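Results of the structural survey
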Amino acid sequence: MSHLSTQDIDRLAELARLSLEKEEKEKLRSELGLILGYVDRLQKVDTAGVLEGSMLPRLDLRADESLATNASVRERILVNFPDRMGDALRVPAVFEKPKG
Amino acid sequence: MSMPLFLGQTITSSAEALEKGEMTSQELTHAYLGQIRGLNGSLNAYISVFDEQAMEQAKASDTRRASGQTLGPLDGVPIAIKDNILVQGTRTTAGSKILEQYIAVHDATVIRKLKAAGAVILGKTNLDEFAMGSSTERSAYGPTKNPHDVERIPGGTSGGSACAVAADMCVAALGSDTGGSIRQPAAMCGVVGLKPTYGRVSRSGLIAHASSFDQIGPLTKTVEDAGIVLEAMMGSDPRDQTTVDAPPLQRGNAKGLQGVTIGLPKEAWGAGMMDGVRQDVMEGVEVLKSLGAEVKEVSLPYTDEALAVYYVLGPCEISANLSRFDGIRYGTRVEGNNLIETYLHSRGQGLGEEVRRRIMLGTYALSKGYYDAYYRQANKVRTLIRRAYQDAFKEVDVLLTPTAPSTAWKIGEKISDPLMMYLEDVFTVGINVAGVPAISVPCGSHEGLPVGMQLIGNLFEEGTLLDIASAFEKANA
C-alpha cells in the first residue's frame, strides 16, 4: 500500500496546498514510499478490540468558562496581516480575475 | 570587577549571588548579552536578542530587590526562549521563512508566568522549522553549531536553547519537546533537559507542531535548575484544556536511592546504538546501583512501533495545524493569479522541505481510503503503547535508556536521508506517544562529545525523576 504514483503526489500536493517543483515531487515519491514502508509495521500489530487512544492521558476535560476578549489586542493582530487597507483586510478574490 | 565573574551561573548560584548583593541583575544580564555578542556569530544559537528589553527587565528586578520585594529564585535571572514560544511584541519565527515578519500578539502562558517570577528574557533561540527535525539544520535562519565541536549539530529541535545553555550564553532556557526535541539536544550538548508530563505545562502561546505530543520544558545546567523552572511554569491553564490540576512535585531524599527500582527496557538496549553511548550509559547505571538503586531488566514492547506511531500521527496533526500558514490567515503572502495559486505559492515558498514532507505524509495518511489503515490504526497502537508503559511502571519506579543512539553527528551528514534522521528519535518518541515525563542528564562523553542518559517516569512523577537525576548528578560530579 506504500507505493505512490506520480498522480498520487500531484493530488496530495493539491490537497495540501503546496506548489512543488517536479524534481521535489519525484523525490517525495521515493522518500514517502520509504517512510510508509517503515510505518507499515503498524499493520501487523493486533489491535482487535483495542480502542483508539485519546490524545489525553486523562479524559476528564474541564468545562472552562469562555475568556473575555481584550479589545486592545486588535491592532496587534491586524499588524500581522499580510495585506490591509486601513482597518480592512485585503484578500484575493475567491473567483478568478476576468480574462483580458 | 571583570566581566567573567558574572558568567558561568546556574539559577541557584545567580539567585544566591543576587541575594547576597555580590552582583546586580543588570551586571549579570549585561555580562550574558556580551557573551551572546561574542559567541553567536560562530554558534548561531539565537535568532533574536533583546538587548534593551532585557536590560529594562534587569533594572526592574534590581529595583524590586532594593525595596525588599524579590519574587523568588528566578528574579533577575537571564534566560533564553525557543523561538516557537510567543513573547508579546517581539518577532516569533518558529524557524520558518513564512513567519519572518510575525510579531507575537500576546505572551505565552509560560512567558507570563516566568515574567511574573521576575525572569529576564535575553532573546529567542534557533530551532528546526516549526520544531520538525533532529539537528537544528532545518532552520530558515541557518544551522546552530554544537559548542563542543562547531562542525557538528547540537541536536534538535531545541538546538539553539541547548547550545545557549552549554556555551553559557544564558543561565537557563526553554525548549519544546514533541518527540525528543528537549532531551536529545540536551544530551548532545551536555546539559539537562526535562520533558514534563503531557498536561503539566500549558502550551498556550506555543506554535503548535503536533498537539497531542507537544510539551514545553526547561534546558538547564543542573537538575535543580530544571525543577525551579518547571515549578515556575507548571499548572492548569484555562487557555490550554489539556492542562490538569496536577499534584505538586513530590520531592524526596535526593541523596540515596535505597528502595528505588530502575528498569532497563530490553527492547531499547538492542542493536543500533553507538558502542561509546552504550558504555557511558552502562557506567551511569553502575553509579545508580552504587547509590542503592535496584536495577532490573524489563520488557517494554512496541519500541519500533512507537516511532511508526509518531511518524503517522505527528504528520497528520501537522497537516491540520499548519494549514493556517497560507499567506491569508498567517504568514508572508506570495500572490498568484487567483486564490488557489496564492495558497499554493505562499505555502510552497514559505514552508521548508522537511515541513512540506511531513504535511504531504499527513495529508496522505488522512486521505480517503487510508485513514483507517494509518490514522486509526496508529491511534489504537498508541493505546497499546500507553498500556505497555503503565505495565512497566507496576514493576519499576523509572525506566532508563540512552537519550539518543549516537553522539552529535557532522552537519550535513544525515540531512539527505529523512528516514535515517527519524530513526535518531527511537529512544525519545515513545515517551511523547505515552505522555509520560522524562529527563536527560549528562553521563560522560565519547570522543569528546557528550552522552545523555534518559530517565522516564510515570505520569506526573517529575519529582521522582528530579530526585534520581539529582542524586546521579551529585555522585557523578
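Because the structure is a prediction, the values reported are computed rather than measured. (Residues numbered from 1 in each chain as written. Chains lettered and ligands numbered in written order. Predicted model: local features only at pLDDT ≥ 70, side-chain atom pairs only at ≥ 80, totals over all residues.)

1. Some points on the overall build of chain B
Counting secondary structure elements, chain B contains 15 helices and 11 strands. The globule rule puts the C-alpha radius of gyration for 477 residues at 23 Å, and the 21 Å found for chain B is close to it. Contacts in chain B between residues at least 24 apart in sequence constitute 75% of all its contacts with a sequence separation of at least 6. (Helix = DSSP H or I, 4+ residues; strand = E, 2+ residues; numbered from the N terminus. Rg over C-alpha atoms; globule rule 2.2 N^0.38 Å. Contact = placed C-beta atoms within 7 Å.)

2. Thoughts on the overall build of chain A
Check the secondary structure of chain A and you find three helices and two strands. For chain A, the sequential pattern of α-helices and β-strands runs α-α-α-β-β. Per-residue burial over chain A gives 16% buried out of 100 residues. (Buried ≥ 20, exposed ≤ 12 C-beta atoms within 10 Å, placed from the backbone.)

3. Regarding the environment of Phe325 of chain B
All names here are of chain B. Tracing the backbone through its elements, the reader meets Phe325 in the loop between α9 (303-321) and α10 (339-350). For Phe325, a count of 25 C-beta atoms within 10 Å translates into the label buried. As for Phe325 and Gly350, which are separated by 25 residues in sequence, their C-alpha atoms are 8.6 Å apart. Aside from chain neighbours lying at most four places away, what touches Phe325 is Ile98, Tyr330, Gly331, Arg347, Gly350 and Leu351.

4. Quick word on the nonpolar core
By size, the foremost hydrophobic cluster in this structure holds 167 residues, and its most contacted members are Ile79, Leu122, Ala164, Cys170, Val309, Val312 and Leu455 of chain B. No other element matches α9 of chain B, which puts 10 residues into this core. If sequence neighbours within four positions are ignored, Val309 of chain B has contacts with Leu42 of chain A together with Ala378, Val381, Arg382, Ile385 and Val433 of chain B. (Core = buried A, V, L, I, M, F, W, Y, C linked by C-beta atoms within 7 Å.)

5. What about the domain arrangement of chain B?
Residue and element names in this part refer to chain B. When cut into domains, chain B gives domain 1 (3-233), domain 2 (261-301 + 384-476) and domain 3 (306-373). If you look at the interface, domain 1 gives 20 residues, while domain 3 gives 16 residues. Here the residues of the side of domain 1 that touches domain 3 sort into eight nonpolar, eight polar and four charged. (Domains from an automatic or database assignment. Nonpolar A, V, L, I, M, F, W, Y, C, P; charged D, E, K, R; others polar.)

6. Digging into the sheet that holds strand β4 (residues 172-177) of chain B
All names here are of chain B. Read from one edge to the other, the open sheet built from 11 strands follows the order β1-β3-β2-β4-β6-β5-β10-β11-β9-β7-β8, with strand pairing classed as mixed. Lying at the two open borders of the sheet, with one neighbouring strand each, are β1 (46-49) and β8 (294-298). Taking the axes of each pair of neighbouring strands and ignoring which way they run, one obtains an average angle of 30 degrees across the sheet. One ladder, built from five bridges, connects β4 with strand β6 (residues 215-220); its direction is antiparallel. (Pairing = 2+ DSSP bridges. Axes fitted to C-alpha atoms, helices over the stretch in contact; angles between N-to-C directions.)

7. Overview of the pairing of strand β7 (residues 261-265) of chain B
Residue and element names in this part refer to chain B. In terms of strand pairing, β7 meets β8 through five bridges, oriented parallel. Its bridge partner being in β8, Leu264 is matched across the sheet by Glu297. Read as a crossover between parallel neighbours, the route from β7 over helix α8 (residues 275-290) to β8 is right-handed. (Right-handed = clockwise from strand over helix to strand, strands pointing away.)

8. So, the environment of Val285 of chain B
Residues and elements named next belong to chain B. Along the chain, Val285 falls in helix α8. The partly exposed category is assigned to Val285, around which 17 C-beta atoms lie within 10 Å. Setting aside chain neighbours within four positions, we find Val285 in contact with Val295 and Leu400.

9. Regarding helix α5 (residues 159-166) of chain B
Residues and elements named next belong to chain B. Of all eight residues making up α5, eight are buried, and the element is well covered by its neighbours. Taken together, the buried positions of α5 are Gly159, Gly160, Ser161, Ala162, Cys163, Ala164, Val165 and Ala166. Directly after α5, the chain includes Asp168, whose backbone phi takes a positive value near 55 degrees.

10. Some details on the interface of chain A and chain B
Listed by partner, the interface residues are 46 residues for chain A and 55 residues for chain B. When residues in the side of chain A that touches chain B are grouped by element, the largest group, seven residues, is from helix α2 (residues 22-39) of chain A.

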